Structures are given as C-alpha cells and as structure tokens.
Amino acid sequence: MMIRREASRHILAMSKLRPAVIVTGPYHSGKTTLVKKLFPAHAYVNFLDDPETCEFARSCPPEFFRRYPGNVVIDEFRLVPELAAAIRAAASAERRCGRFILVSSRRPYGNAIAPAPGNKLASATLLPFTIGELAYAGVRFERDGYIHRGFMPLIHCVKDAPAKGPEWRGGYHTLYVERHVRSLITTGCGDALGRFLTLLAGRVGQAVNLRTYAEETGVAAYTLKSWIEALEAGFVIFRLPCYTDITGTRGMMSAPKFYFTDVGLAAHLLGIKNEEHLHRDPQIGNLFENMVVAEALKNCRNSGKGAALYYFRNRNGLEIDLVVKSRGCVVPIEIKCGDQFSASYAENINSFRKLSAKIAGGYVVYGGAAKAKEGVARFVNYQKIGELID
C-alpha cells in the first residue's frame, strides 16, 4: 500500500531550486520509495545493496561521476565519504537543479557534507508517518492503537504485518536496533545498549541525567553521551531543548528531554504487548506525550518550516510540555492523555503567559474530542496536532 507523503512537496520544491538535495530520515522510513517515485527519470545507485559500485566510488570518485553524468539518486551516500568533496565541487559548479538526490539513514553532522558555496545544497527530512498521512489513506486507530503500533511504514504498508501481532513488530524493532543502531555505535556495548534504550523508553519526557543513567546501567557517562549522539544521528531518538529565552527568569532547567522518533519502538521496549496492556500501563501518559511531540516534529519537518520546538521548566516547578517558536511567536502547548475536559489542564499555560508579553495564547492537546476554551487556552484533540502546527 502506498501512502501519500506530506514531505513530497518540500522535497520537490527544493529540487527545483538547488542542484543537490539531501533526504535523511530513520532506517526504513520510506526514503528510497519516495525519491524513486518523485524522481523516476533519475539513475539510481544504492551503496548499501551494491558493494561493487560502493568500492568503485571510494577508489575513484571522479570516475564515478563520469559514469553517472546525468541526474542521479545516490542511496546511503554516506557510506562513501570520499565523494563529499566531489559532491560539493559538482554542486557548486552545477546549473541543473535537482541533479543530485542524496539519501541517508544518518543525520548530517561533522564536515562530511558541508554546505556548498552559493547555497547549492538543500536538505529535507523524512520521518515516520504522521496521523494525518495515515488518515488520508483511510488508516485510523484510537489513541492506544497508534501508540502500540507506532508509525513506521513497514508496520502499516506490508500485507498482514499488523495482523501478525507483537511478534512481527518485535522482530522489526529488534532488526532496527540490532542492524542499524549498533552499526552507529563505535564503543562496544553488548547487552548494555538494550538496557539503556529500555531506560530511555521508561523516561521519555524527562530531563536527561547522565550521572543517574550511568549508575543504573553500569556504563560510564561519557560512553552514554556518545551513544545518545549515535542514536540521534540514526534518528532513533531526538532531543527537545529547554526554552530559555525569557528575560529576567532565573533558575531555568538546561538539560534536554529525549523522545523516540517512533513511539511504537518505545512501547515495544517497555514490554507492552497489546492495546489493553497499554491502557493499564503507568507509562501511558509519557508515551502519549512522546507521540504528540513526535507528531509536532514530523509536521515541522514535512513542511520544511523553520519552527523550533522546546519545552519549558523552571526551578519553581512551572512546566510546559511543548513550546513552539516561529517567526517571533511563542506558543505554549500542554499535553494530556485524558479524554475528559478539565480546566486544570490549562493552569500552567496561564501562568507561563505571565512571564513574557510575546507568549501567545496556548493549546491543550488531549485525548478528548470536545472543543473547549479555558482562559486563552484552546483544547484540541491530539489527531489535529498537524493542523495546529501548520
């Protein structure tokens, strides 16, 4: 089953403006399928599946580009870092827009592919499905169904995959961790990586404390830091920094929060076998928050907009789950998994707005369907988070 991807418009737009476009995203998020559909006339090279071509490109980058003089999609191009200089040079001199479509399951970092002179290189990120993308294709679930299944394409697009139950999803997530995540870790990790991932899953939405994590896993804090960087580079997790741009506010938190890019992986790591189990699990609130924050991130990336996402917490205990900053506007969002309206859900928003005049009226994203308003805060069902971010 093919599901329309909201990032298509942004990727196509960039390909009409720049000679090179990098499309990054998690392993098996649908990047290859999408770029093949968007650019059917491009030659296609996959360094992961074609070791011979990969070795040829490593040994002689100029010859590689002479072999592919026209438009080309290069999948998992980061396996050949020797191409970096040639790509930069070609993009700088190239006049044809959309000549290079570069695909990678690893986030850009370091100087492997620096921005080409003259702003010749653009980037886009393809994350797992959004609720809106699934709904457009007629795929709908209740709250616990979304959290339990997650949003990775293989869960929804492979025939009979959902029907095979937790065994299939567990096998997929194990494959994802074993083959992809471990390939990003440079320090030997053994079983400790699995324990660390489970620890992160149990503390989504909490500020990171590496010292505590080190004590509980038996792994040095500096090693855990490198693991976190690798997990971020592989799009397994993402960080949500604390919003600190409020003049005169003291006692701010500085540690980021971390969330899983796919909430289904977090649910699997916590041993949640079915939706009924999830409904009774004490982690339901944290997993729901993970899902909503990830939805906000996916919608920002799909549109290519520059909205920045944060959380807020000060030493006095005032906390806002999600702060969206765009074009000078700051919008607080509280996330509640309950499905019943409660005026208390908006209390922190009203308190937060008193800290600065530039903070706009906020939203409560919750599990209920009723449209309501408490003070300046509007209540919105979690399935509308995409529209809210737009």
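Analysis parameters
- Residues numbered from 1 in each chain as written.
- Predicted model: local features only at pLDDT ≥ 70, side-chain atom pairs only at ≥ 80, totals over all residues.
- Heavy atoms only, no water.
- Helix = DSSP H or I, 4+ residues; strand = E, 2+ residues; numbered from the N terminus.
- Buried < 20%, exposed > 50% of the residue type's maximum accessible area, 1.4 Å probe, protein only.
- Polar contact = N/O pair within 3.5 Å; in protein donor to acceptor, adjacent residues only side chain to side chain.
- pLDDT = per-residue confidence, 0-100.
- Contact = heavy atoms within 4.5 Å.
- Core = buried A, V, L, I, M, F, W, Y, C linked by side-chain atoms within 4.5 Å.
- Expected span 1.5 Å × (residues − 1).

## Considerations on the side chain of His42
In step 1: Turning to its location among the elements, His42 is positioned in the loop between helix 2 (31–38) and strand 2 (43–46).
In step 2: The exposure class of His42 is buried, given its relative accessible area of 14%.
In step 3: Within polar-contact distance, the side chain of His42 engages the backbone oxygen of Gly98 at 2.7 Å.

## Focus on the confidence of the model for the chain
In step 1: Averaged over every residue, the pLDDT of the chain is 85; residues scoring 70 or more account for 86%.
In step 2: When the elements of the chain are averaged for pLDDT, helix 9 (residues 166–184) gives the smallest value, 65, and helix 2 the largest, 96.
In step 3: Between residues 109–118, whose pLDDT stays under 50, and residues either more than four places distant or in other chains, the model counts 18 contacts.

## A few points about the nonpolar core
In step 1: One finds Ile147, Phe196, Phe260 and Leu322 to be the most contacted residues of the largest nonpolar core, which totals 68 residues.
In step 2: No other element matches the 10 residues that helix 15 (residues 284–303) contributes to this core.
In step 3: Those residues in contact with Ile147 that lie beyond four places of it in its chain are Val263, Gly264, Ala267, Leu278, Ile284, Leu287, Phe288 and Met291.
In step 4: Counting residues in each nonpolar core, the second largest holds 20 residues, with Ile22, Ala57, Phe65 and Tyr68 among its members.

## Things to note about helix 12 (residues 221–233)
Since the α-helix advances by 3.6 residues per turn, residues separated by three or four positions end up pointing in the same direction.
In step 1: When the terminal C-alpha atoms of helix 12 are compared, their 18 Å separation across 13 residues agrees well with the 18 Å that a helix rising 1.5 Å per residue should span.
In step 2: Listing the buried residues of helix 12 in full gives Thr223, Leu224, Trp227, Ile228, Ala230, Leu231, Glu232 and Ala233.
In step 3: Phe235 occupies a position one or two residues after helix 12 and carries a positive phi of about 65 degrees.

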